[in-house]
Amino acid sequence: MSPPNYYDSYPPLFRPNTTALNGPDPNNLHTPDPEPNPDPLPVIDLECLSRDDERPKLAQACQDWGIFRLVNHGRERKGPHMPPTNVKWFEGFNVLMNKLSDLHVEDPLLDSFRLLLDEYGRHQTRLATTIFEAMAKELSLSQEQSECYLCPSSGLMRVYRYLRWPEADQGSWGIDAHTDSSVLSILNHPEVGGFQVQKDDEWFDVEPVPNTLVVILGDMMQAISSDEYKSAKHRVKANKHVERISIGYFVFPDKDGVIRSPKYKPFTYADFRAQIQQDLKTIGYKVGGLHHFKLHKPT
Ligand SMILES: O=C(O)CCC(=O)C(=O)O
Ligand SMILES: [Fe+2]
């Protein structure tokens, strides 16, 4: 049975599974590229990460790209279903996962939305923990370091809505080039493309692939790995024809835990955040941030 019309106003993740499984929406005015480029990202199978012979593939992806596509992540064909309501979406909101259970909402509809986010967030936390544990093994991090470097209670979800921008040209961005401050970011790109990632100074289009997630290494992961792994620079093109919604999950280190690496002065995530805030005040945007803590600055 096709869903009632009001589902159209939900982000795709919260709609019943129709478009992703049954092909593109015929009402969608966006004309796809006739021959889309092949997906450039390395592909990592979550189910294989416990295998010693598979983890080097993960390490290679983290060294070469700082980003990969995650398959077999356990929620294929099972997007959460929103209760029916005519929700209108804002341009973006953040939800700190560990505050969700403190929220007491009277409205049963909003409460089911809270539960849905809670369930989705828990799943993302499990994914991030599994991926991080595999990375920690490859990097030979101690148990103590791992516990400090990935703090599951820091996890937050961000829903972004990029409005359709009829005047957009080649130089118009929904979100400008940046690296994430996180340890790991997990993006769900349900339908509309526009996401790009940089590798060796070249930009690559990353189109949405149904039933997969995109995992990005953030600045903290780069520092934790003593620059062995890289945080991937990415951006989102503005779209003339359709709006775009993305759902991201971001997880950080313990804010007061000290990150120690031969490449950096010892610093905490709280120090890093304070530095980013300072940069935002003085130059107006985030420029990496790790260089402030680097021991040997490039000449
Ligand atoms: O919308 C996207 O796909 C990317 C969002 C993003 O890069 C971010 O929130 O840091
Ligand atoms: Fe980002």
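- The name that an unreviewed UniProt entry assigns to the chain is 2-oxoglutarate (2OG) and Fe(II)-dependent oxygenase superfamily protein, with the source organism given as Actinidia rufa.
- Under the heading Sequence similarities (unreviewed entry), UniProt records this for the chain: "Belongs to the iron/ascorbate-dependent oxidoreductase family."

**Here we look at the sheet that holds strand S5 (residues 173-178)**
Point 1. Pairing within the open sheet is antiparallel, and its 4 strands lie in the order S5-S10-S7-S8. Only two strands of the sheet have a single partner each, and these edge strands are S5 and strand S8 (202-206). This sheet shows a mean twist of 25° between the axes of neighbouring strands, independent of strand direction.
Point 2. Bridging between strand S7 (residues 195-199) and S8 involves 5 bridges; their strand directions are antiparallel. Paired with Val197 across the two strands is Phe204, which belongs to S8.

**Focus: the coordination of the iron ion (ligand 2)**
Point 1. At this site the iron ion (ligand 2) is bound by His178 (NE2), Asp180 (OD) and His234 (NE2), with donor distances of 2.1 to 2.2 Å.
Point 2. Mapping the donors of the iron ion (ligand 2) onto the primary sequence gives the spacing H-x1-D-x53-H. Placement of the pair is His178 in strand S5 and His234 in strand S10 (residues 234-237), with a sequence separation of 56 residues. In terms of burial, His178 and His234 fall into one category: buried.

**A word on the site of ligand 1**
Point 1. Around ligand 1, a shell composed of 14 residues is seen, among which Arg158, Tyr162, His189, Arg244 and Ser246 lie nearest.
Point 2. Ser246 places a polar side-chain atom, nitrogen or oxygen, 2.6 Å from an oxygen atom of ligand 1.
Point 3. Notes on ligand 1: free accessible area 290 Å², of which the protein chains cover 97%.
Point 4. Elements that contribute at least two residues to the shell around ligand 1 include exactly strand S4 (151-162), S5, S10 and strand S11 (244-252).
Point 5. Counted by class, the shell around ligand 1 contains 7 nonpolar, 4 polar and 3 charged residues.

**Section: the environment of Ser261**
Point 1. The residue Ser261 is located in strand S12 (residues 258-261) in this model.
Point 2. Through-space distance from the C-alpha of Ser261 to that of Ile247 is 32 Å; in sequence the pair is 14 residues apart.
Point 3. Among all residues touching Ser261, those that are not within four sequence positions of it are Ala223 and Ser226.
Point 4. A polar contact of 3.0 Å, which involves the side chain of Ser261, links it to the backbone nitrogen of Lys263.

**Section: the side chain of Ser182**
Point 1. Assignment of secondary structure puts Ser182 in the loop between S5 and strand S6 (184-188).
Point 2. Exposure remark for Ser182: the relative accessible area of 1% places this residue in the buried category.
Point 3. What Ser182 contacts, discounting residues up to four positions off in sequence, is Gly218, Asp219, Met220, Met221, Phe250, Val251 and Phe252.

**Considerations on the UniProt feature "domain: Fe2OG dioxygenase" (unreviewed entry) in the chain**
Point 1. Those places that UniProt annotates as "domain: Fe2OG dioxygenase" (unreviewed entry) correspond, in this numbering, to residues 151-253.
Point 2. This span, residues 151-253, is 6% helix and 50% strand, and a straight line between its end C-alpha atoms measures 5 Å.

**Details of unusual backbone geometry**
Point 1. Phi at Asn72 is positive, roughly 60°, even though this residue is not glycine.
Point 2. Here Asn72 shows up in the loop between strand S2 (67-71) and strand S3 (92-96).
Point 3. Overall, the relative accessible area of 35% leaves Asn72 in the partly exposed class.
Point 4. Backbone geometry at Asp200 places phi at a positive 45°, although glycine is not the residue there.
Point 5. Here Asp200 is to be found in the loop between S7 and S8.
Point 6. Relative accessible area serves as the criterion here: at 58%, Asp200 is assigned to the exposed category.

**Focus on a nonpolar patch on the surface**
Point 1. A surface patch of nonpolar side chains, amounting to about 340 Å² of accessible area, comprises Leu280, Ile283, Tyr285 and Val287.
Point 2. The residue Val287 is located in the segment after helix H6 (269-283) in this model.

Reading the values: the criteria
Residues numbered from 1 in each chain as written. Chains lettered and ligands numbered in written order. Predicted model: local features only at pLDDT ≥ 70, side-chain atom pairs only at ≥ 80, totals over all residues. Heavy atoms only, no water. UniProt positions renumbered as here; feature names shortened; annotations may be inferred. Pairing = 2+ DSSP bridges. Helix = DSSP H or I, 4+ residues; strand = E, 2+ residues; numbered from the N terminus. Axes fitted to C-alpha atoms, helices over the stretch in contact; angles between N-to-C directions. Donors = N, O, S within 2.8 Å, 3.2 Å for Na, K, Ca; no water. Buried < 20%, exposed > 50% of the residue type's maximum accessible area, 1.4 Å probe, protein only. Near = heavy atom within 4 Å. Polar contact = N/O pair within 3.5 Å; in protein donor to acceptor, adjacent residues only side chain to side chain. Areas by Shrake-Rupley, 256 points an atom, 1.4 Å probe, with all protein chains shown as cover. Nonpolar A, V, L, I, M, F, W, Y, C, P; charged D, E, K, R; others polar. Contact = heavy atoms within 4.5 Å. Patch = residues over 30% accessible without salt bridge, like charges linked within 9 Å, V, L, I, M, F, W, Y side chains within 5 Å. Salt bridge = Lys/Arg side-chain N within 4 Å of Asp/Glu carboxyl O.

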